[in-house]
Amino acid sequence: MSDDLRQVRIDKIPRLKEAGLHAYPERFERTHTPAVAALLAEGTGGVSVAGRVMAVRTFGKLTFVRIQDSGGTVQLAFERETLPNESWKTFHDLVDIGDFIGALGAMFITKKGENTLRVESWVFLGKTLLPLPEKWHGLKDIETKQRRRYLDLVMSEETRARFRLRTKVVRTLRAFLDGQGFEEVDTPVLEPHASGAAARPFYTHHNALDRQFTLRIAPETWLKRLIAGGYDRVYEFARCFRNEGMDPSHLQEFTMLEYYASYWNWEDNLRFTERMFRHLVREVCGSEQITWRGQEIDFSGEWPRVDMRVAIRENSGIDVVACETVESLRAAIREKNIEIERIDQLGRGNLIDALYKATVRDGLIQPCFLVGIPSDILPLARRNDDDPTVSDAFQLLVNGWEIVKAYSELVDPREQRRRFEEQDKLRRGGDDEAMPLDENYLLAMEHGMPPISGWGMGLERLCALLSGVDNLREVTLFPLLKPEGPDPVPAAQAAPAVTATDAAAPAASGPYELGEFGLSREESMALFKKHVHDDYLTKHCLASAAVCEAVAEKFGKDKDTYWCMGLLHDLDFDEVKEPDKHTLKTVEYLKAAGVADQRILDTILSHNHEGLQLVERTEWPHFALSCAETITGLVMATAKVMPDKKLASVKASSVKKRMKKKEFARKVSREAILQCEQIDLPLQDFCALALEAMQGISDDLGL
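Numbering of residues starts from 1 in every chain and runs along the sequence as written. For this predicted model, a pLDDT threshold of at least 70 governs which residues receive local features, and a threshold of 80 or more governs which side-chain atom pairs are given and counted, while totals over whole chains, interfaces and linings are taken from all residues. To obtain the side-chain values, all non-hydrogen atoms of the structure were included, while hydrogens and water were left out.

*Asks:* So what exactly am I meant to see when it comes to the nonpolar core here?
*Replies:* Most often, soluble globular proteins keep nonpolar side chains buried together rather than apart. Here, the term nonpolar core denotes a set of buried Ala, Val, Leu, Ile, Met, Phe, Trp, Tyr and Cys residues that are joined through side-chain atoms within 4.5 Å. Accessible area is worked out with a 1.4 Å probe on protein chains only. A residue is then buried under 20% of its type maximum, exposed over 50%, and partly exposed in between. Counting residues in hydrophobic clusters, the biggest one holds 70 residues, and the most contacted among them are Phe517, Val547, Leu568 and Phe686. By the criteria applied, helices consist of DSSP H or I runs no shorter than four residues and strands consist of E runs no shorter than two, each listed in order from the N terminus. Within the residue set of this core, elements represented by two or more residues are helix 16 (521-531), helix 17 (535-554), helix 18 (559-568), helix 19 (584-593), helix 20 (598-606), helix 22 (620-640), helix 23 (652-659) and helix 25 (683-695). Broken down by element, this core gets its largest block of residues, twelve residues, from helix 22. Should any heavy atoms of two residues lie within 4.5 Å, those residues are considered in contact. Residues within four places of Phe686 in sequence aside, it is in contact with Val547, Val551, Cys627, Ala628, Ile631, Ile673, Cys676 and Leu681. Counting 51 residues, the second largest nonpolar core, distinct from the first, contains Cys240, Leu270, Ile297 and Leu465.

This is the structure in structure tokens:
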């Protein structure tokens, strides 16, 4: 933005004062909003409106002005013959697009049939120093729309409608639950340790108590304490925080609706859920059918039930019932060549869940209930009396998204303690999503609980579904994004000490720029040819170098450093047969060749974090290398299914589309590719950038 344009507007402020107008007055008395005024009958007088100036069109002695507020717009007519000369001149000299004004007058209908306010007097209500985005194009960059949401709301009726829908969803859910005897409550956000879900928490330090706390990942155990305390039915719209990967279908900060009902079981809950959702969709969307990206989703009729174990067997060929131990399940997954991140760290329950997500979930488009969920997955759920290997639980799936997770609650304190102890062992063994032992919750349970059933639902995911978007940031007014510019507080000052028991908590991250690589491109290529001889690995590394360079160029980083790092990141892959040793030799070779920047070496080590577990991915370059080198496999696999097997025939939309097909390029880690969000690069843009980079070296890749 030019400083000159800003200064021109600033210079108008004293001129407004000279004209008897305050640049930022205290208040304005209005009789109607713009949207309501636009509906008034011709001849209605005494109409007072206010809003932001969005358009000005002058035709000689007549000027039409469109003003807008959050609810709509109305047209104003300034006529030179009816306004004092100074008033007319002041408006045209000192009012800019984006400024706020108020106007008083009477309604009339123009020759084109538009209800318009004939201005009898007007006042100035607020000077803007920066212009709005260009009218016809508005904000197109996705990140800018999310980072400058206020501008997105001003310029886009579609955006305003999306957030009005979110408000209506909350209002409808709250009214329905209130009408069914539920009571709304608030529970703590700061907790001694995270509980109520399988997720990694955020950590914070309580200065007065000099203790580390977590931000809640779910309100579940608190709400069930209230049931123990005598509440019959409770619910909460709870802000929750999960320190997990960033991608379009997950947020680190989100709103969870949870409710719990005494004396219900999961079947009662399932029927209630179906009834509530039909009511919600009708109220919010006007029909029980919605369209999501051209596909009709029908909420009417009785929703089918899908047995999780059967669905996994049909889609993966693995019978999880027969795999009674985590070791046998890991072996079966590896035999089928199904890629599961952190497969060696996950316990049996979380591994079954990951297998289901990798092979089943994306195909469940129409509303359905997932049942037959193994009890390992849900440590807080009641086991089925007839088959203890499954929980009395269900999930509501729509469009391949988990909308609701529900079950009959476990209320036996001794059994709950045993499961907590199992979870705690898994957690100490490296499964950082397993739950810690919660003695305070167990104490509440020992004072007695009735039969309970409840569920949790991410509000953003539901709103994204109903408004037809696939990125949860688009239904979040101010989503968490990487801050612009350097961190004002150095990480060493901002982050509290982390104890051994809290090793899962990542350290705070400040600016982390890579220095010069230490080798020229020619020297890097010579080192590469010395160690890499496999044809597929050669193409993978060349493609990685091209994509890394493109990422660096987009964000103003050193292109040579990122190209060399992309080329050499798998230097030892041909030689090392054990995955947990991969990259150690690479670093050894690079050091010997003259690469001295430890941040570069750590970045290379971090891309094998799942196997090596020496350098966790926390910094921008870590995520940049990880997503860049991983997407190359998906792009090449996409090219190979083209009729001519050429990269030139591939479109970015095709690459993104195949991201959702888990059976396609199974060994490619979708989670790693989605880390493009960690470097503030939306998936669609990343696919386009990577494809263009690889098309530029298509001859070298044989595609």
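*Asks:* Is there a simple way to explain the environment of Lys557 in this structure?
*Replies:* Looking at where Lys557 falls in the secondary structure, it is placed in the loop between helix 17 and helix 18. For the pair Lys557 and Pro621, spaced 64 residues apart in the sequence, the C-alpha separation amounts to 9.8 Å. Look past the residues within four positions of Lys557 in its chain and what remains in contact with it is Glu513, Ala552, Tyr562 and Trp620. Two N or O atoms form a polar contact when they lie within 3.5 Å of each other; inside protein one atom must be a possible hydrogen donor and the other a possible acceptor, and for residues adjacent in sequence the pair counts only when both atoms belong to side chains. One polar contact links Lys557 to Glu513, side chain to side chain, over a distance of 2.8 Å.

*Asks:* For this particular structure, what's the right way to read the sheet that holds strand 9 (residues 211-215)?
*Replies:* Within a sheet, neighbouring strands are paired by backbone hydrogen bonds and run either parallel or antiparallel to one another. By the convention used here, strands pair only if DSSP detects at least 2 bridges between them. The three strands lie next to each other as 7-9-8, forming an open sheet whose pairing is antiparallel. Lying at the two open borders of the sheet, with one neighbouring strand each, are strand 7 (190-191) and strand 8 (203-206). Note that strand 7 and strand 9 share two bridges and pair antiparallel. Following the sheet pairing, Glu191 is matched in strand 9 by Thr214.

*Asks:* Which parts of the structure should I look at to understand unusual backbone geometry?
*Replies:* Excluding glycine, residues mostly have negative phi values, and the peptide bonds linking residues are mostly trans. Notably, Tyr263 is not glycine yet its phi reads approximately 70 degrees, a positive angle. Phi at Lys645 is positive, roughly 55 degrees, even though this residue is not glycine. By the element assignment, Lys645 lies in the loop between helix 22 and helix 23.

*Asks:* What's the story with helix 22 in this structure? I'm lost.
*Replies:* In an α-helix, one turn spans 3.6 residues; hence positions three or four apart end up facing the same way. Helix length check: helix 22 (21 residues) gives 31 Å between terminal C-alpha atoms against 30 Å at 1.5 Å per residue, within 8%. Along helix 22, 20 of the 21 residues are buried, which leaves the element largely enclosed by surrounding structure. By this rule the span expected of a helix is its residue count minus one, scaled by 1.5 Å.

*Asks:* When you look at the pattern of salt bridges in this model, what are you seeing that I'm missing?
*Replies:* If charged atoms from side chains of opposite charge come close, those side chains can pair. Within this document, salt bridges are pairs made up of a side-chain nitrogen of Lys or Arg and a carboxyl oxygen of Asp or Glu, the two lying within 4 Å of each other. Throughout the structure, instances matching the rule amount to 50 salt bridges. Residue Arg293 is joined to Asp470 by a salt bridge in which the shortest nitrogen-to-oxygen separation is 3.5 Å. Taken together, the residues span a long stretch of sequence, with Arg293 in the loop between strand 12 (289-292) and strand 13 (295-298) and Asp470 in the loop between helix 14 (459-467) and helix 15 (491-494) at a distance of 177 residues. Note on Arg293: relative accessible area 52%, which makes it exposed. Close ionic contact of Glu415 with Arg419 constitutes a salt bridge, the shortest N to O distance being 2.9 Å.

*Asks:* Hey, could you run me through the packing of aromatic side chains in this one?
*Replies:* In this description, an aromatic ring pair is defined by two values, namely the gap between the centres and the angle between the planes. Stacked, edge-to-face and tilted are the three classes for Phe, Tyr and Trp ring pairs, Trp counted by its six-membered ring, which pair at centre distances within 6.5 Å; planes under 30 degrees apart are stacked, over 60 edge-to-face, the rest tilted. As enumerated under the stated definition, the model contains 20 aromatic pairs in all. Counting every residue linked through ring pairs, the aromatic cluster contains Phe176, Phe182, Tyr259, Trp264, Phe272 and Trp455. The criterion is that NZ of a Lys, or CZ of an Arg, lies within 6 Å of the ring centre and within 35 degrees of the ring normal, and then a charge sits over that ring. Above the ring of Trp222, the side-chain terminus of Arg225 is found at 4.3 Å from the ring centroid. One cation-aromatic arrangement involves Arg293 over Trp292; the distance from NZ or CZ to the ring centre is 5.3 Å.

*Asks:* Explanation requested: the pairing of strand 17 (residues 401-408) in the structure shown.
*Replies:* Consecutive side chains along a regular strand alternate between the two faces of the sheet. Of all eight residues in strand 17, seven are buried, a share of seventy percent or more. One ladder, built from six bridges, connects strand 16 (residues 393-398) with strand 17; its direction is antiparallel. Bridged to Phe394 within strand 17 is Ala406. Taking the residues that link successive antiparallel strands as the turn, the strand 16-strand 17 hairpin has two residues, and the phi of Asn399 there is positive, at about 60 degrees. Here five bridges tie strand 17 to strand 18 (residues 452-458), and the two strands are oriented antiparallel to one another. When the sheet's bridge partners are listed, Ala406 is paired in strand 18 with Trp455.

*Asks:* Help me out: how do you make sense of a nonpolar patch on the surface in this one?
*Replies:* Patch membership requires over 30% relative accessible area and the absence of a salt bridge. Like charges are linked within 9 Å, and nonpolar side chains (Val, Leu, Ile, Met, Phe, Trp, Tyr) within 5 Å. Computed with a 1.4 Å probe, the accessible areas rest on the Shrake-Rupley method; for each residue, only the protein chains presented here act as cover. Together, Tyr150, Leu477 and Phe478 make up a nonpolar patch on the protein surface, roughly 340 Å² of accessible area in all. Tracing the sequence through the fold places Tyr150 in helix 5 (residues 149-155).

*Asks:* It is not clear to me how the packing of helix 22 against helix 23 should be interpreted in this structure. Could you clarify?
*Replies:* Between two packed helices, both the angle of their axes relative to each other and the distance between the axes serve to describe the pair. With their axes 10 Å apart at the nearest point, helix 22 and helix 23 run at an angle of 110 degrees to one another. In terms of orientation, helix 22 lies roughly perpendicular with respect to helix 23. Taken together, the residues of helix 23 that come into contact with helix 22 (itself represented by Leu634, Val635 and Thr638) are Ser654, Val655, Arg658 and Met659. Under the convention adopted here, Pro, Cys and the residues Ala, Val, Leu, Ile, Met, Phe, Trp and Tyr are nonpolar, Asp, Glu, Lys and Arg are charged, and Gly plus all remaining residues are polar. Among the residues making up the contact of helix 22 with helix 23, the classes are represented as four nonpolar, two polar and one charged. Axis geometry follows a simple rule: fit a line to the C-alpha atoms, using only the stretch in contact for helices, then measure angles between N-to-C directions, giving values from 0 to 180 degrees. Orientation is classified from the angle alone, with under 35 degrees giving roughly parallel, over 145 giving roughly antiparallel, 65 to 115 giving roughly perpendicular, and any other angle giving oblique.

*Asks:* I keep staring at the side chain of Gln252 and nothing clicks. Help me out?
*Replies:* Within the secondary structure, Gln252 sits in the loop between strand 10 (233-241) and strand 11 (253-262). A distance of 3.1 Å separates a polar atom in the side chain of Gln252 from the backbone oxygen of Glu244. Dropping the residues within four chain positions of it, Gln252 is found in contact with Phe202, Cys240, Phe241, Arg242, Glu244, Gly245, Met246 and Leu480.

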